[in-house]
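Summary of structural features
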Number of protein chains: 2
Amino acid sequence: MTSTDPAPSGLRPTRQRIAVAEAMASFDDFRSAQDIHELLSRRGEPVGLATVYRTLQRMVESGEVDLLRTEDGEASYRRCSDTHHHHLVCRTCGATIEVEGPGVERWTRAIAEEHGYAQVSHTLEIFGTCAACR
Amino acid sequence: MTSTDPAPSGLRPTRQRIAVAEAMASFDDFRSAQDIHELLSRRGEPVGLATVYRTLQRMVESGEVDLLRTEDGEASYRRCSDTHHHHLVCRTCGATIEVEGPGVERWTRAIAEEHGYAQVSHTLEIFGTCAACR
DNA sequence: AAGCACATGAGAATCATTGTCAACTCGGCG
DNA sequence: CGCCGAGTTGACAATGATTCTCATGTGCTT
Ligand SMILES: [Zn+2]
Ligand SMILES: [Zn+2]
Ligand SMILES: [Zn+2]
Ligand SMILES: [Zn+2]
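Described below are features of the structure shown in this document. This one's a predicted model, so the numbers in the text were calculated from it and none came from an experiment. (Residues numbered from 1 in each chain as written. Chains lettered and ligands numbered in written order. Predicted model: local features only at pLDDT ≥ 70, side-chain atom pairs only at ≥ 80, totals over all residues. Heavy atoms only, no water.)

**Overview of the relation of the copies chain A and chain B**
Rules: Superposing copies: least-squares fit, C-alpha atoms only, residues required to have pLDDT of at least 70 in both. Throughout, a residue-residue contact means that at least one pair of heavy atoms, one from each residue, lies within 4.5 Å.
Here chain A sits on chain B after a turn of 180° about the axis and a move of 0.0 Å along it, with an RMSD of 0.0 Å. Both copies are brought into coincidence by an operation consistent with a two-fold rotation axis. A high fraction, 100%, of the interface residues of chain A reappear at the interface in chain B, so the copies pair face to face through one surface.

Set out below in structure tokens:
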């Protein structure tokens, strides 16, 4: 199981990487690298900002965390399930729900193929205001 | 018809705004604000970078141009049709095709409603390598 | 022509993200 | 155990896109 690995992928389990992995497991919404850096400092497990960025990048590459661009283009991270999915995010409080849409996956593939595009990937996010924020 | 308005929405048709609007009509892929700024300079219709940014923002707000975030979070702009649509973009050359997916629109709406999210919006882009770039 | 709200642009300021690089740590090896 | 090279870290500088400032210019109305 990949559920509670002490550190990202097959990298050296350093104190810093473990701290970041734990931090990522401690919340459920998307947070910026800076937020995570602060969170770690407050926890008494300070990790250099550059290291936070580097570690997060690694985790994104290995699929351990998802990266989402906010509407103003900033990166935010969240630990997610490992199957392909998209997000329904509350614009106000950040509450996030993972959603799957086989139909959408099929559709994007079909559209791409139809136009002769290969190596297809896609991004799809849904934003709204959740019930609690109304 | 909104096809060849001299300037963005109901704003004053200044030389700069007209130049930007014309520039946007002269290409078919997504370009960064800086690219557009350069293009204008080369054309002999120099427009201040800040003005390019401001004008582009206005055009995005009024729906005259679409804004797309590249994978590294930078904004790029393209003059598009005024109906809601998404993009199939070549990762290599930038060739862009507008696509519509009624099914997807319906799906996102349903998902959001199902989870009690209101004021729903979504972003969806498809990336791939076009036939010419293979 | 006069007045004024709107528009422009050069340059400074922001600010997220990345690059540098010397110091440090891990693990394996003798 | 002590040594060594590859992998890591972090303080700080550097980058680069986007936004702000604000003094100056312009479009349009009266
Ligand atoms: Zn996710
Ligand atoms: Zn998908
Ligand atoms: Zn478009
Ligand atoms: Zn749509």
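**Brief notes about the sheet that holds strand β1 (residues 31-32) of chain B**
Residue and element names in this part refer to chain B. Put simply, the rule is: Two strands are counted as paired when DSSP detects at least two bridges linking them. Comment: elements are numbered from the N terminus, with helices defined as DSSP H or I runs of at least four residues and strands as E runs of at least two. Here the axes come from fitting lines to C-alpha atoms, over the contacting stretch only for helices, and the angles between their N-to-C directions go from 0 to 180 degrees.
In space, the three strands of this open sheet follow the order β1-β3-β2, with antiparallel pairing throughout. Of all the strands in the sheet, just β1 and β2 (65-69) have a single pairing partner and so form its edges. Bridge count for β1 against strand β3 (residues 75-79) is two bridges, and the pairing is antiparallel. Bridge pairing in β3 places R31 opposite Y77. Across the sheet, helix α3 (residues 49-61) lies against β2 and β3, angled at about 105° from β2, the strand it touches most.

**Quick word on the packing of aromatic side chains**
Definition in use: Two aromatic rings from Phe, Tyr or Trp, using only the six-membered ring of Trp, form a pair when their centres are within 6.5 Å; if the ring planes differ by under 30 degrees the pair is stacked, by over 60 it is edge-to-face, and anything between is tilted. A ring is considered to have a charge above it if a Lys NZ or an Arg CZ atom is located within 6 Å of its centre and within 35 degrees of its normal.
Evaluated as defined, the whole model comprises zero aromatic pairs over all chains. A cation over an aromatic ring shows up here: R31 of chain A above the ring of F27 of chain A, its NZ or CZ 4.3 Å from the ring centre.

**A few points about the coordination of the zinc ion (ligand 2)**
Tetrahedral coordination by four donors puts the ideal angle at the metal at 109.5 degrees, and octahedral coordination by six puts it at 90 or 180 degrees. Residue and element names in this part refer to chain A. Quick reminder of the rule: Coordination partners: N, O, S within 2.8 Å of the metal, 3.2 Å for Na, K and Ca; water not considered, so apparent gaps in a site are possible. Only protein chains enter the calculation, and the probe is 1.4 Å; a residue is then buried if its accessible area is under 20% of its type maximum, exposed if over 50%, and partly exposed in between.
Distances from the zinc ion (ligand 2) to its protein donors, H84 (NE2), H86 (NE2), E105 (OE), E105 (OE) and H122 (NE2), fall within 1.9 to 2.5 Å. For the zinc ion (ligand 2), the single-chain donor residues occur in sequence as H-x1-H-x18-E-x16-H. Pair noted here: E105 is in helix α4 (residues 102-114) and H122 is in strand β5 (residues 118-129), with a separation of 17 residues, a long-range link. Here the two residues E105 and H122 agree in accessibility, since each one is buried.

**Notes on the sheet that holds strand β6 (residues 118-129) of chain B**
An order of β4(A)-β3(A)-β5(A)-β6(B)-β4(B)-β5(B) is seen for the six strands of this open sheet, with the pairing classed as mixed. Of all strands in the sheet, those with a lone pairing partner are β4 (96-99) of chain A together with β5 (96-99) of chain B, marking the two edges. Ignoring strand direction, the axes of neighbouring strands in this sheet form an average angle of 20°. With nine bridges connecting them, β5 of chain A and β6 of chain B associate as antiparallel partners. Residue pairing for β6 of chain B: E125 of chain A is matched across the bridge by T123 of chain B.

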